[in-house]
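Per-entry structural report
Spelled out from the first residue to the last, the chains are:
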Protein chains: 2
Amino acid sequence: MSTEDSSEATELWLLWKRAHETVRSAVVADMTAASGLSEAELSVLVCLYESGGVLRQNAIAADLGWDRTRLSHQLTRMEKRDYVTRDKVANGVEVALRPEGRRTIEAAGPSLDASTRRHLLDRLGPDDAAALKAIVERLLSSDSSR
Amino acid sequence: MSTEDSSEATELWLLWKRAHETVRSAVVADMTAASGLSEAELSVLVCLYESGGVLRQNAIAADLGWDRTRLSHQLTRMEKRDYVTRDKVANGVEVALRPEGRRTIEAAGPSLDASTRRHLLDRLGPDDAAALKAIVERLLSSDSSR
DNA sequence: AGTCCTCTGTTGACATATCAACACCGCCCT
DNA sequence: AGGGCGGTGTTGATATGTCAACAGAGGACT
């Protein structure tokens, strides 16, 4: 860095982005090696799995902070891979985890834990980890667009 | 959220990703409206601009945490839009900001400041902002892959 | 009934990201 | 010289994300 022209807000945003990108690429590389899942597939599968295996499409989008279009395309791809099914239901679409998807996400879980611990949790001390968690939770709860 | 199966590390990572995605989509929407720049173009232009307008391709990739391929494709697109030029130089390629790129990033700066302040800085208190900054800086400085 | 909303999801065109393979250059080594 | 080797960048195929336009269901209003 040299001229340092950004405002405080922009500077924080750029730093945050860079840190996020760094951790993300490391974790994604691990996950691709361990399970063959892409980041997007993993996000959707985790979301479904943690909610018991069935969710409205809309709920997934809200949960991940994705837009409708992106999720729609992603689910189309995941249907082809037998990870999920879609069923029309009153005023929406219900997405359900299929056995292949469940098997895959269950197999990927431990790798994900190890990877996130190595690239994120262990690099922060316990104090920073707790602080970061509190901060992102506050950020999410103050989000007007959800 | 319901069953809560993730480890502490995975849970923190998912929360962080979601918060990042939320802020990102809001900022990107603002920037697209204000300047027509995509997130990727903005990142590269900011990086170049803050370094005085000329950087080795490799340095940009390191600075942004991107991989070579991604940056190469991105620069190809940005050359077509007259934002930057590429020149072969001893052991690498030098990327330079062109007038069109400089003009665009200078015009976008204030919008970016306003947007990041609104969607990030103002949602954190001053304390949280300082804490987040310290955390990401520590994360970045402990990164072994750079 | 009809019309007008809003919410939800889809589609196709296009922008962007990723992966594997390749090309080039400078350096070290013998 | 000749032969590896690591660092740097490119290319094309493919996967993924974004945008604008559309489709359909249901609710509110007259």
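Residues numbered from 1 in each chain as written. Chains lettered and ligands numbered in written order. Predicted model: local features only at pLDDT ≥ 70, side-chain atom pairs only at ≥ 80, totals over all residues. Heavy atoms only, no water.

**Considerations on the packing of helix 2 (residues 39-50) of chain A against helix 3 (residues 57-64) of chain A**
Residues and elements named next belong to chain A. Put simply, helix 2 and helix 3 touch, their axes get as near as 10 Å, and they point 115 degrees apart. Between helix 2 and helix 3, the interaxial angle falls into the category roughly perpendicular. Here helix 2 and helix 3 pass one another in a crossing that is right-handed. On helix 3, the residues touching Ser 43, Val 44, Cys 47 and Leu 48 of helix 2 are Ile 60, Asp 63 and Leu 64. When its residues are assigned to classes, the contact of helix 2 with helix 3 shows 5 nonpolar, 1 polar and 1 charged. (Axes fitted to C-alpha atoms, helices over the stretch in contact; angles between N-to-C directions. Helix = DSSP H or I, 4+ residues; strand = E, 2+ residues; numbered from the N terminus. Parallel < 35°, antiparallel > 145°, perpendicular 65-115°, else oblique. Left-handed = near helix turned anticlockwise from the far one by under 90°. Contact = heavy atoms within 4.5 Å. Nonpolar A, V, L, I, M, F, W, Y, C, P; charged D, E, K, R; others polar.)

**So, the protein's contact with DNA strand C**
Taken together, 19 residues lie around DNA strand C, and Gln 57, Arg 68, Ser 72 and Arg 86 of chain A together with Thr 69 of chain B are the ones closest in. Sugar and phosphate atoms constitute 57% of the interface atoms of DNA strand C, taking the interface as everything within 4 Å of the protein. With respect to DNA strand C, the side chain of Arg 86 of chain A contributes an N or O atom lying 2.8 Å from a phosphate oxygen. Within the residue set of the surface near DNA strand C, elements represented by two or more residues are helix 3, helix 4 (68-80) and strand 3 (92-97) of chain A together with helix 4 (68-80) of chain B. The element best represented in the surface near DNA strand C is helix 4 of chain B, accounting for 5 residues. Across the surface near DNA strand C, the residue classes break down as 2 nonpolar, 10 polar and 7 charged. (Near = heavy atom within 4 Å. Polar contact = N/O pair within 3.5 Å; in protein donor to acceptor, adjacent residues only side chain to side chain.)

**Concerning the pattern of salt bridges**
Taken as a whole, this structure holds 22 salt bridges over all chains when the rule is applied. Between Glu 39 of chain B and Lys 17 of chain A there is a salt bridge whose closest N-O contact spans 4.0 Å. Of the two residues, Glu 39 of chain B is situated in helix 2 (residues 39-50) and Lys 17 of chain A in helix 1 (residues 8-35); the pairing between them involves two chains. Judged by relative accessible area, which is 16%, Lys 17 of chain A ranks as buried. The closest approach of N and O atoms between Arg 86 of chain A and Glu 79 of chain A, which form a salt bridge, is 3.4 Å. Arg 86 of chain A gets classed as partly exposed once you look at its relative accessible area, which sits at 23%. Several salt bridges share partner residues, and in doing so they unite Lys 17 and Arg 70 of chain A together with Glu 21, Arg 24 and Glu 39 of chain B into one network. (Salt bridge = Lys/Arg side-chain N within 4 Å of Asp/Glu carboxyl O. Buried < 20%, exposed > 50% of the residue type's maximum accessible area, 1.4 Å probe, protein only.)

**Points about the relation of the copies chain B and chain A**
Superposition record for chain B on chain A: RMSD 0.0 Å, screw rotation 180 degrees, translation along axis 0.0 Å. One copy is carried onto the other by what is essentially a two-fold rotation axis. For chain B, the smallest separation between a C-alpha atom and the rotation axis is recorded for Leu 132 of chain B, amounting to 3.4 Å. When the interface residues of chain B are mapped onto chain A, 98% of them are again interface residues, pointing to one common binding face. (Least-squares fit on C-alpha atoms with pLDDT ≥ 70 in both.)

**Side note on the sheet that holds strand 3 (residues 92-97) of chain B**
Residue and element names in this part refer to chain B. The strand order 1-3-2 describes an open sheet built from 3 strands, whose pairing is antiparallel. Strand pairing shows two members of the sheet lacking a second neighbour, strand 1 (54-56) and strand 2 (84-89), which therefore form its edges. Pairs of neighbouring strands in the sheet enclose a mean axial angle of 25 degrees, with direction left out of account. Examined bridge by bridge, strand 1 and strand 3 share 3 bridges and lie antiparallel to one another. Within the sheet, the bridge partner assigned to Val 54 lies in strand 3 and is Ala 96. Set on the sheet, helix 3 (residues 57-64) makes contact with strand 1, strand 2 and strand 3; between it and strand 1 the angle comes to about 85 degrees. (Pairing = 2+ DSSP bridges.)

**As for the protein's contact with DNA strand D**
As a structural note, the neighbourhood of DNA strand D is formed by 19 residues, with Thr 69 of chain A together with Gln 57, Ser 72, His 73 and Arg 86 of chain B the closest of them. For DNA strand D, the fraction of atoms within 4 Å of the protein that belong to sugar or phosphate moieties is 57%. Within the contact set of DNA strand D, a phosphate oxygen lies 3.2 Å away from a side-chain nitrogen or oxygen of Ser 38 of chain A. Side-chain polar atom of Ser 72 of chain B to a phosphate oxygen of DNA strand D: 2.7 Å apart, as the coordinates give it. Examining the composition of the surface near DNA strand D, we find that 5 residues originate from one element, helix 4 of chain A, more than from any other. Class assignment for the residues of the surface near DNA strand D results in 2 nonpolar, 10 polar and 7 charged.

**Section: the sheet that holds strand 3 of chain A**
The strands making up a sheet associate through backbone hydrogen bonding, with each pair oriented either parallel or antiparallel. Residues and elements named next belong to chain A. Judged by pairing direction, the sheet is antiparallel, and its 3 strands sit side by side in the order 1-3-2 without closing on themselves. Each edge of the open sheet carries a strand with a single partner, namely strand 1 (54-56) and strand 2 (84-89). Within this sheet the neighbouring strands show an average axis-to-axis angle of 25 degrees, counted without direction. Of the strands in this sheet, strand 1, strand 2 and strand 3 touch helix 2, which is tilted by about 90 degrees from strand 3. Where helix 3 meets the sheet, its contacts fall on strand 1, strand 2 and strand 3, and the angle it forms with strand 1 comes to roughly 85 degrees.

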